[in-house]
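Spelled out from the first residue to the last, the chains are:
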Amino acid sequence: MLAEIGLASLTLAFALAVYAIAATACGARRSSAGLVLSGRNAALLTFPAALLATSALVGALMTEQYQFAYVYSVTDPQTPALYRFTALWGSQKGSLLLWSLLMSAFTSAAIGLNWRAERRLMPYAIAFMMATLAFFLGLSLFVENPFERWWILPDAPPAEQVVSTALIPPGAIAPTEANLRAGAEGLNPLLRHFGMVIHPPMLYLGFVGFTIPFAFAMSALASGDLSTGWIKATRRWSLIAWICLSIGLILGGRWAYDVLGWGGYWGWDPVENAAFLPWLVGTAFIHSVMIQEKRGMLKLWNMALVIASFSAVMFGAFATRSGVIESVHSFARSEVGFPMLAFWAALTLVALAMLLWRWRQGELRDERQFANLLSRESLFVLNNVVFIALFLAIFWGSFGLPITSELLLGKEVTVGAATFEFYVVPLFIAMYVLMGVAPLSAWGATSLRRLGAALKLPLGLTIASIAAIALSGTGIAVALFGYGVVVFAAYVALIEIYRGAAARRRALGEGWLRAVSALFRRNQRRYGGYIVHLGVTVIGIGVIASTVFQTETQHTLARGEAIAVQDYALRYDDFIRAQAVDGRMMNIAAVTVFRAGGEIARLRPRIDDYPQLPMKIAGAHSTLENDFYVLLMSGDRERATFRIYINPLVNLVWWGGILLVIGTVIAAYPKVAPASAGPKSEAEAT
Amino acid sequence: MTELSWQKPKHPKKKRSERLKFISAGLLILVAVLYLLISGTLQGARYFITVGELLDEASYLGRTVRISGAVDGESIEYDSEKAIIRFEIVNISNEYEDLATALHEALLDSNAPRLKIVVEDAAIPDLLQHEAQAILTGALGQDGVFAATELLLKCPSRFEESTAPEGLSRIPEHQ
C-alpha cells in the first residue's frame, strides 16, 4: 500500500509542478491573474504531495518493508531506528526524493513570504522553481524510482526472474519475507555517524536554497523588472542557502575526521570540491550584493554570480550523482548522469542568454562608476575576484584539467592535494587580508592616509601577537605568517565591534552589554558579518595549526607497555571483543593516556567488523589545545598496533564553524524592532 | 592663461587615471592568478593511466603518475610494525559501463596486467578490500613495484543499489 501511495503522490507532485510551470508562465505572458493564481496554488500543493511521497518511503524504511528495492539496499533487520530513518538519504533514490521534498518546501516558503511584496516577479520565479522541481521529481519518477519493488516472474528465464519495478508486472509474485530479510544489505557503515545524519540534508538545503535566488533573478530577467526587488526578495534566501551549505561542509569535514581514520578533514576530493564551489560563488554574491543595494553598482555581476552559484550547484549534483568523476564519495554510476548534464547545460545557457539579452538592451547599467581603488566597493570587488579565482582554481584542478586533457591529449591528467594547496594558499591569504582591510575603508572614496591610520591599531596588535606566539616557541615562519594574516582580520572585526559599542556608550551612556546588543540589533547584517569573519579567522587558525604542526606516528605495544609521544604517554591496557546491539563484532583496545605523569584519559579505539568492511573508529582526547587521536590498526590480547595523531588546535575548526553559523543567523534573522533610537554611531555610518 | 586651460579638463583626467589604476590592478591580478594556475598545474599534473599503459610504456618508469586498478584482496599484506602496506592491483579498462562489474571481471581475468604496490608509512584504509578500485599516485621502480605516496579507494560493489539478488528468486514454498 505504501508503494502505491508513494507512487501516486510522486506522480501527482510531478504533474502539479509541470502544470504550475505552464500556468504561471502563460499567465505572466497573457497577464492573466487567474492563471497565475492557479499556477501558484499548484506550486503550493507540490509540497504536501512530495511530503506524502517521502513519508511513504520513510514508512517503508521504518516498518522494514524489504520488498522495496531501496529499503532492501540500505537497511537490514539489524539497522537501528535512527539509521533506518537517515537511510532516506543513504543512497541515490532516496536522496533525490529528499531533494525534491526540500525544493518544494523552499518554494512554498518563498511563495508565502514574497507573494505580496513581489507580485511582478512571482509568476516567472514560480515557473523557474517549478522547472527545477519538475526535473528532480521526473528523475525520481522515471529514472531512479524509490518505490520500485522486487518481483519474481516465474515464467521468465532464470537470469531474468527477479526484477524491481514500480508497477506490478503481469503474473508476478512477491519474494518471501524470509528471503527478503535474509538478503537485505544494510546501510553503508561509513554513513553511520552523527555527521552523516545531518551533513547530507544540510548540503541539500544549501543546494536547494540557491535555487530561490536563481529563480528570482531569472524572473527579473524574464519580466524586465530589474529594480532591486529581486535582490530584496532573495538576499535572505542566499544567506539561508549559504549557512546550510556552510554547516553541511563543516559537518562533512567532521565526518571525514571521525570516520575515515586519516586524521584530516579535507582531502580535496572532487566531490568535496563540487560542494565547495557553490559556497565560494555564494560567498562572493553575499558580499557584492551589498554594493548593488548601497551603491547601485555591479548589477550585471550580481546577476552573473546568482546564475553561477545555481549552475555550480547543478554541476555539483551532476558530478556527485553521475559517477563520472572518480571519487571516494560518488554515488554508484547511474543513469541520472546524462539528464543532469543536459539540465545543467540547458539552464545555464538559457540564463546566460537572457542575461546577455538584457545587458545588450542596456538594462543592467550601473548607477555609479568606481571612483577610487581603495574605496570599500573596490575592495569588495577585489574580494569577489579572490573568491572567483578560488572557484576557477578548484574547478580547474577538479574538473577542467582532467576533462580538457582527455579531450586534447587523449589521456587524463589530474592534480593531487598538494597542487590544490599550492593554488589556494595565496588566495586564502589575499582573502584574509581583504577581510581585514575592507571594513576599514569607506564607501565612495578612501585616501591611503586615512586607511593607513585605521590600520595602525590592528596591525600593531597583530605584530604583538606574532611576537608573543614566536616567544612561546613557535618557530616556523610559514605558520607565524599565516597566524599573522588571520589574526589581523580577527582584530579588525573585534575593533569594529568595540568602536561601534564605544560610540554608543559615549553618545547614550549605555553599559557595554546593552551597547553591544543594541549595535547588533540596529545593524544585524554588518555586525553579524563581523561574527562570521571572526568564525572564519578561528577556522583559519585551526587549519594552520592542525596542518603545519600535526604529528603522526605508529607504534606496536605489548599489553601493559607504554610509549611516549611528545609530552604524552600511551599505555596499552587490554583487548576486548564485544558484540554491538546491531550484531557487529567490535575489537576494542583499552588504552590510557598520561601527561606530565598524570592520567588524563582512557580511550577505546576500535575496529568494527561490518559485513561490508571493517571500520576503524578512533579514540580521541579532545581539548582546545589539541586532539590526541588514536587509531587501532590491528591487535590481539598480547600486542596491538596504534597510529597516533596529535592535531594541534583542530577543534578550532569546529568552534569557528559554530561562530560562523551564529554570525550568519544574526545577519539573516528577520529584522527585530529597532532598539532605542540613538545617534548613528561613527561605525554604523560607514 | 596656460594654467586655466589645463585646469578645466582636470576632472576627466583624474577619472582617466583612476580607470588606468583599475585596469592595471585587474591585469596584475589576472596575471597573478594565471601564474598560480599554470605553475601549480605544471608542477603537480600527473597522467592518470591504467596498469596496462604503465607497464607497456617504458617512459613512465620512475615518473610520478596516477594509476587506477582493481584490488586483489588475497594479496593484501600489512606490516603493522613498520606501517607498510603491500598489495596487487589488476588492470581495469578506461571504458566501462559499470565500475563494479569492471572490477569484478578484471580480477577474474588471469591474463590482465597486474602490478605490485607498496605504500610506506601508512595507516591501512578500511576501504582496502577485494574488488575495491584503488587510485594511486606514485612511481614504478626498477624492481617492478609501484611505490605509492597517495592511496584513494572506492568500493562500488559493496554499496551499489541491488540488481536482482539471486537469493530472492527462490519461489516461495506455498506457491
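Cut-offs applied
- Residues numbered from 1 in each chain as written.
- Chains lettered and ligands numbered in written order.
- Predicted model: local features only at pLDDT ≥ 70, side-chain atom pairs only at ≥ 80, totals over all residues.
- Helix = DSSP H or I, 4+ residues; strand = E, 2+ residues; numbered from the N terminus.
- Buried ≥ 20, exposed ≤ 12 C-beta atoms within 10 Å, placed from the backbone.
- Contact = placed C-beta atoms within 7 Å.
- Nonpolar A, V, L, I, M, F, W, Y, C, P; charged D, E, K, R; others polar.
- Pairing = 2+ DSSP bridges.
- pLDDT = per-residue confidence, 0-100.
- Core = buried A, V, L, I, M, F, W, Y, C linked by C-beta atoms within 7 Å.
- Axes fitted to C-alpha atoms, helices over the stretch in contact; angles between N-to-C directions.
- Domains from an automatic or database assignment.

For chain A, the helix and strand inventory stands at 21 helices and 13 strands. C-alpha extents for chain A along the principal axes are approximately 85 × 80 × 60 Å. Here chain A holds 686 residues, and 54% of them are scored as buried.

This part takes up the interface of chain A and chain B. Taken together, the contact pairs 59 residues of chain A with 51 residues of chain B. In the side of chain A that touches chain B, the residues fall into 33 nonpolar, 18 polar and eight charged. Pairing of strand β3 (residues 412–414) of chain A with strand β1 (residues 46–50) of chain B involves three bridges; the strand directions are antiparallel. Within the sheet, the bridge partner assigned to T414 of chain A lies in β1 of chain B and is R46 of chain B.

All names here are of chain B. Of the residues in chain B, 77% have a pLDDT of 70 or more, and the chain-wide mean is 80. Taken together, the stretch residues 1–10 has pLDDT below 50 and engages in zero contacts with residues farther than four places along the chain or on a different chain. A low-confidence stretch, residues 157–162 (pLDDT under 50), is modelled with 19 contacts involving residues beyond four sequence positions or located in other chains. The ipTM value of the predicted complex is 0.78, and its pTM value is 0.87.

Residue and element names in this part refer to chain A. Position of M130 relative to the elements: it lies in helix α6 (residues 122–143). A sequence separation of 84 residues divides M130 from T46, and the C-alpha atoms of the two residues are 9.1 Å apart. Dropping the residues within four chain positions of it, M130 is found in contact with A17, A20, I21 and A43.

As a further point, take the nonpolar core. Residues and elements named next belong to chain A. Counting 269 residues, the largest nonpolar core has A17, M130, A217 and V630 as its most contacted members. For this core, the leading source of residues is helix α10 (residues 229–259), giving 19 residues. Non-local contacts of V630, meaning those with residues more than four positions away in its chain, are made with L570, V591, L603, P605, A618, G619, F642 and I644.

Residue and element names in this part refer to chain A. Reading across from one edge, β4-β13-β12-β11 is the order of the four strands in this open sheet, with antiparallel pairing throughout. With one partner strand each, in any of the chains shown, β4 (551–558) and β11 (619–622) form the two edges of the open sheet. On average, each strand axis in the sheet is inclined to that of its neighbour by 20 degrees, with strand direction left out of account. For strand β12 (residues 626–635) and strand β13 (residues 639–648), the ladder comprises nine bridges, and the chain directions are antiparallel. Pairing of L631 across the sheet is with R643, part of β13.

The next point concerns the domain arrangement of chain A. All names here are of chain A. Considered domain by domain, chain A is made up of domain 1 (2–263 + 278–285 + 294–322), domain 2 (447–548 + 653–685) and domain 3 (551–649). On a C-alpha basis, the centres of domain 1 and domain 2 stand 37 Å from each other. Taken together, the contact between domain 1 and domain 2 spans 10 residues of the former and eight residues of the latter. Of the residues contributing to the side of domain 1 that touches domain 2, the split by class is six nonpolar, two polar and two charged.

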